[in-house]
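# Coordinate inspection notes
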Amino acid sequence: MHYLDLFNIILAFLRADIMTLFKFLLLSHFPRSIEGLLVGKEKFYSRMPGSANQDMSFSRAWFTFLCLLQDDSAEALTDFLDDGDDNSLGSSKVIGVDDNELLATRKALSDARARNKAIEKERDQLLEKLAWSEAKQKEYLSTVMHDKDLAISELEAAEALFNNKLEESLEEKFSLESKLVLAKQDAVELAVQVEKLAEIAFQQATSHILEDAQLRVSAAEASAAEASFQIEEQIRSASEGAIFAVLQQSKDAIEKALAVAESAGDHTTKAMAAFVDNMGSVDEIISVQSQNIKLSNTVNDLESQLLVYRNDIDRLKLELNQARKEAKAYELRANDVEKLFHEFQESSRKAALQQEEEIKSSLEKMRKDATEKRKAASKAFKLEIERLKAAIEAARETARSQDEAYMRRCEALQRSLRAAEAASKMWRQRAEMAEDMLLKKSSSEEGDEEAIYSVNGGRIDLLMDDDSQKWKLLTDGPRRPTPEWMARRIRSLRPRFPPRKTHVSEAMTAGYKTLDLPKPDEVWSIAQEKLKEGDVLVEHVIEKEVIEKKRKALERALQRKTVKWQRTPEETKLESGTGTGREIVFQGFNWESWRRQWYLELANKAADLSRSGITAVWFPPPTESVAPQGYMPSDLYNLNSAYGSVEELRSCIEEMHNQDLLALGDVVLNHRCAHKQSPNGVWNIFGGKLAWGPEAIVCDDPNFQGRGNPSSGDIFHAAPNIDHSQEFVRQDVKEWLNWLRNDIGFDGWRLDFVRGFSGGYVKEYIEASNPAFSIGEYWDSLAYEGGNLCYNQDAHRQRIVNWINATGGSSSAFDVTTKGILHSALHNQYWRLIDPQGKPTGVMGWWPSRAVTFLENHDTGSTQGHWPFPRDKLTQGYAYILTHPGTPVIFYDHFYDFGIRDIINELIEARTRAGIHCRSPLKIYHANNDGYVAQIGDTLAMKLGHLDWNPSKEVHLDGTWQKFVDKGPEYQIWLRQ
């Protein structure tokens, strides 16, 4: 029976729908009985006539039966079947069914009832199962609820843990935020200070400009006013003089004319009177006419003079107008100057506002960058913490394994010691027993002096010998020192032994008595036991040594990482002139290194150099060269040199990077050797990728007929000097440097012979290649007088500082001044180490962050020896440069060949512990014939010479100082606790 059928049965019983259940059982369990009735009906009616009507009657009867089933009435079905007994004939007539079929139907019904009872029983069983399943379900639900409660409790515990973690993270966040707020406050204060400084600088600059403009305007106004006043004064004086003269002359002329007119009038009146009276003579008339003519001439002269004066007045008026125009022009100029001044003020104000906006934007950018850097640093710090945790766990595991190995070795040694003690005890007992036997026998055989007590075949004399292994064993014991009381007892017992027989032949021929004592080899076997290959103890010792080496390497790595994380962003920022500011450079070659496979040898020393505290390695020149040392380069792109192949060079640089070391390439930019001769036989045609011609050589090179521009520095006569003023030369050099930087892997440059070309070109090359560190070799002669070094070397260090300044500070330079001064100063002339301003006398005293201090290199020392440092003063020299500001350089020969490697490592450790960098402040306390004393930074003080001094004798040195290095009169170093 299908489960769906069972489910329908259960539902039917639950609803007390018996008829539906019967119909379902009838249709599901008795389809064959119904089909048999139908088939029997067909067979029955097929045998009778009138089958059509009978078929209709039977169909009607069957339909009635089905209707009874559909009407859900069991009584109707029972009545329908029971009525067949009473009305069998009628029923037969009506439905056409015989008695046998009715009996079969009744039997089927009884079977159905029996089955119904079985089904009811099965239903009860199903109900029990259902109840059991419900109980199981309840139990399952209770289990689920219990698991749910457990899960909820676990979730609550996890939530509590999460809340705790969240609180811790919030506390950490608050601490970081407080630090961030402090950093922001510092940044804001810095920004305010920057703004104040910018405002002060701007005010100072604008005040100078404004004062100058005001002075110029006032001067222009004063000059214009003075000029106009002078012109007006001249015009006024000239016009007044001219007018006064004209008026005076006119007045005089008028007075003269009036006088003449009066005289003429008098004469006329007289003449008229005479003419009237006595009709005067003609002569008087003529004289009057002549006077009139003179008067008219005089009037004409006056009129002509008046015209001249008028012309003069007009000319003066024109000059006055011109002066007025010039005064107006001066006034317009003054107005223009004033307008320009106002425009300048407006432009200055706009520039100030724009600068203020730029400062604000830069500050905002700085804040954003600081935030990003802080986030990146926090992320990196977390990662580093994870790495440190892993490293600490590895260290713990290493220590645990080391302790286990140590315990195993201790147990083995204890077992060996117990065995040795047991053997020693046994030998001691046998020796005492032998002694007692000898004493007893000697007392009983005093008369027999010829008798010899022989041990192991006549060798008892070996026991009595001071050099005997047995006596040594009895004295010292096997593998452990003998207590003093035991040694005294052995010495007290020793005289009781019989005297030593000098001749073994006598002992062999004489009579003897044998004692049962062990042989010397057996006695000494334990005491002389040595470790052998394959022995467990040997393996433990080797394992312990390996673990100890790993532990020390791990400690050094952790210390380096811790020191890196303790540095501030300013300390780790890379600048081409200073690197990180804490660089310690190692010159990784000498003049003879080309004779060996140098790149392979140098790569094997990378780990050793890193452990010593060195941060950068100076490589030899990598290019193909006419000279094997590399300083006469030819094809710049061919790096297969005498030091090794280009693949070996890349591998060596990669090993340096794996050990956190910078690789500085030695590049020769001043000169280059040619590959071919010109038609006139001069070597000035270059080959390789950079196929230059004579146009790339300076024209003032006397040997190679260059067609370029004059040199911007000194001439190097051994090879063609490159003209760096040519654009194509500079472009090719920049591309080559970037190729060395990006493809080969160099991190920075050591620039050879920078005296040969301008430092401005070096600045361009550094800005293009962006090295992590750059050093220039500006080697110049110091000042000497009478064969002795002059005290004042300011001119020498000024030339080096000028070159550094020409590079814009983008490159440092070797402090040749300090090297030359140390040659003399360390011979009890320590006063040379301080200048009149209280600073060091080399480049270190003027520009310490760009000073690269050194004692020797491949030119001054090695097999060339052009200027070797005094051999007996090397340790003092390194004590000076490794404790002072600047960037120190350690020479290969000194580190590996001169036997002072441990001293140099000790000085590097002192520099690292004290945190000395290239900008560390320096205070010199004493510098005289007896010695030199200085404090560098806040935590290091050092002394050179035999001066009696320590930090407690200095008033200004507070705190507790501990002596870190003591080399007596050579040097001493103290570190502040």
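Residues numbered from 1 in each chain as written. Predicted model: local features only at pLDDT ≥ 70, side-chain atom pairs only at ≥ 80, totals over all residues. Heavy atoms only, no water.

Below, the discussion takes up the overall build of the protein chain. Within the protein chain, the secondary structure is distributed over 26 helices and 19 strands. Counting across all 977 residues of the protein chain, residues that qualify as buried make up 37%. Partitioning the contacts of the protein chain with sequence separation of at least 6, the portion at a separation of at least 24 is 69%. Carbon and sulfur atoms make up 54% of the accessible area of the protein chain, which totals about 56800 Å². (Helix = DSSP H or I, 4+ residues; strand = E, 2+ residues; numbered from the N terminus. Buried < 20%, exposed > 50% of the residue type's maximum accessible area, 1.4 Å probe, protein only. Contact = heavy atoms within 4.5 Å. Areas by Shrake-Rupley, 256 points an atom, 1.4 Å probe, with all protein chains shown as cover.)

Looking now at the side chain of T817. Turning to its location among the elements, T817 is positioned in helix α22 (residues 816-825). Polar side-chain contacts of T817 include one of 2.7 Å to the side chain of H796. In this view, T817 contacts L782, Q793, H796, R797, I800, T841, G842 and V843; residues no more than four positions away in its chain are not counted. (Polar contact = N/O pair within 3.5 Å; in protein donor to acceptor, adjacent residues only side chain to side chain.)

So, on to helix α20 (residues 759-769). Taken together, the buried positions of α20 are G759, Y761, V762, Y765, I766 and S769. The buried residues of α20 occupy one face: seen down the axis, they fall within an arc of 150°. Each element contacted by the buried residues of α20 is listed here: α19 (727-744), β8 (748-751), β9 (774-776) and α21 (794-806). Where α20 starts, the residue carrying a side-chain oxygen 3.1 Å from the main-chain nitrogen of G760 turns out to be S758. Immediately beyond the C-terminal end of α20, within one or two residues, lies N770, with a positive phi of roughly 50°. (Arc of directions from axis to C-beta.)

Let's shift gears to the environment of W779. As for its placement among the helices and strands, W779 is situated in the loop between β9 and β10 (784-785). Along the primary structure W779 and R755 are separated by 24 residues, whereas in three dimensions their C-alpha atoms are 7.7 Å apart. Here W779 is in contact with R755, V816, D859, T860, H866 and W867, once residues within four sequence places are set aside.

As a further point, take the nonpolar core. Core analysis: the biggest nonpolar cluster contains 114 residues, and F619, F746, L833, Y878, I890, Y932 and L944 have the highest contact counts within it. When residues of this core are assigned to their parent elements, the largest contribution, 6 residues, is made by α19. In this view, Y932 contacts Y830, L833, Y880, H884, L922, I924, H926, A927, M942, K943 and L944; residues no more than four positions away in its chain are not counted. Core analysis: the next-biggest nonpolar cluster, separate from the first, contains 8 residues, Y925, V933, W949 and W961 among them. (Core = buried A, V, L, I, M, F, W, Y, C linked by side-chain atoms within 4.5 Å.)

Counted residue by residue, helix α24 (residues 874-881) has 8 buried out of 8 residues, so it is predominantly covered. All buried positions along α24 are accounted for by L874, T875, Q876, G877, Y878, A879, Y880 and I881.

In this section: unusual backbone geometry. In this structure, Q705 takes a positive phi of about 50° despite not being glycine. Within the secondary structure layout, Q705 lies in the loop between β7 (683-685) and α19. With a relative accessible area of 44%, Q705 lands in the partly exposed category. Residues other than glycine seldom take positive phi values, yet N770 does so here, at roughly 50°.

The next point concerns the sheet that holds strand β13 (residues 851-853). Strand order around the closed barrel formed by 8 strands is β3-β4-β5-β8-β9-β12-β13-β14, with parallel pairing between neighbours. Ignoring strand direction, the axes of neighbouring strands in this sheet form an average angle of 30°. Across 2 bridges, strand β12 (residues 812-814) lies against β13 in parallel orientation. Within β13, the position partnered with A813 by the bridge is A851. (Pairing = 2+ DSSP bridges. Axes fitted to C-alpha atoms, helices over the stretch in contact; angles between N-to-C directions.)

Here the structure, examined in full by the defined rule, presents 22 salt bridges. R750 is the partner of D752 in a salt bridge, and the nearest nitrogen-oxygen pair spans 3.0 Å. Judged on exposure class, the residue D752 and its partner R750 are both buried. In the salt-bridge network here, residues are joined through shared partners; they are D666, R750, D752 and E777. (Salt bridge = Lys/Arg side-chain N within 4 Å of Asp/Glu carboxyl O.)

Among the surface-exposed residues, E167, E168, E171 and E172 lie close enough to one another that they form a single negatively charged patch. Among the structural elements, E172 can be located in helix α7 (residues 99-277). (Patch = residues over 30% accessible without salt bridge, like charges linked within 9 Å, V, L, I, M, F, W, Y side chains within 5 Å. Lys, Arg positive; Asp, Glu negative; His and termini not counted. Charge placed at Lys NZ, Arg CZ, Asp CG, Glu CD.)

What follows covers the packing of aromatic side chains. Overall, the coordinates contain 21 aromatic pairs when judged by the stated rule. Centre to centre, the rings of Y791 and W831 are 6.0 Å apart; their planes meet at 40°, and the pair counts as tilted. Here W831 lies in the loop between α22 and α23 (843-846) and Y791 lies in the loop between β11 (788-789) and α21, a separation of 40 residues in the sequence. In this structure Y791 comes out as partly exposed when scored by relative accessible area, which is 33%. W831 sits in the partly exposed class, given a relative accessible area of 31%. Aromatic side chains Y892 and Y896 sit 5.1 Å apart centroid to centroid with 40° between the ring planes, which places their arrangement in the tilted category. Here the residue Y892 and the residue Y896 both occupy positions in helix α25 (residues 892-896), the gap between them amounting to 4 residues, near one helical turn. (Phe/Tyr/Trp six-rings, centres within 6.5 Å; stacked < 30°, edge-to-face > 60°.)

Pairing in this open sheet of 5 strands is antiparallel, and the strands run β15-β16-β17-β19-β18 from one edge to the other. This sheet does not close on itself; its edge strands, each paired only once, are β15 (922-927) and β18 (961-966). When strand polarity is set aside, the average angle formed by the axes of neighbouring strands in this sheet is 20°. With respect to the sheet, α24 is in contact with β16 (931-936), β17 (940-945) and β19 (971-976), its orientation differing from that of β17 by roughly 150°.

A cluster of nonpolar side chains, Y140, L141 and V144, forms an exposed patch at the surface whose accessible area comes to about 290 Å². Here V144 shows up in helix α7.

Taken across its 6 residues, β19 has 5 buried, putting it largely inside the fold. Examined bridge by bridge, β17 and β19 share 5 bridges and lie antiparallel to one another. Looking across to β19, one finds that K943 is bridged to Q972. In this sheet, β19 lies alongside β18 in antiparallel orientation, the contact comprising 5 bridges. Within β19, the residue paired with V965 across the bridge is I973. Taking the residues that link successive antiparallel strands as the turn, the β18-β19 hairpin has 4 residues, and the phi of G968 there is positive, at about 65°.

Quick look at the confidence of the model for the protein chain now. Model confidence for the protein chain is summarised by a mean pLDDT of 76, while 64% of its residues fall at 70 or above. The low-confidence segment residues 28-97, where pLDDT is below 50, has 71 contacts with residues more than four positions distant or belonging to other chains. Taken as a whole, residues 446-471 scores under 50 in pLDDT and shows 59 contacts with residues more than four places along the chain or in a different chain. (pLDDT = per-residue confidence, 0-100.)

Let us look at the side chain of Q726. Its place among the elements puts Q726 in the loop between β7 and α19. Residue classification places Q726 among the buried positions, given a relative accessible area of 19%. Residue contacts for Q726: discarding those within four places in its chain leaves E695, G708 and N709.

Let's shift gears to the environment of T863. Tracing the sequence through the fold places T863 in the loop between β13 and α24. Sequence spacing of T863 and E592 is 271 residues, and the spatial spacing of their C-alpha atoms is 7.4 Å. Not counting residues up to four positions away in its chain, the partners in contact with T863 are W591 and E592. At 2.6 Å, the side chain of T863 forms a polar contact with the side chain of E592.

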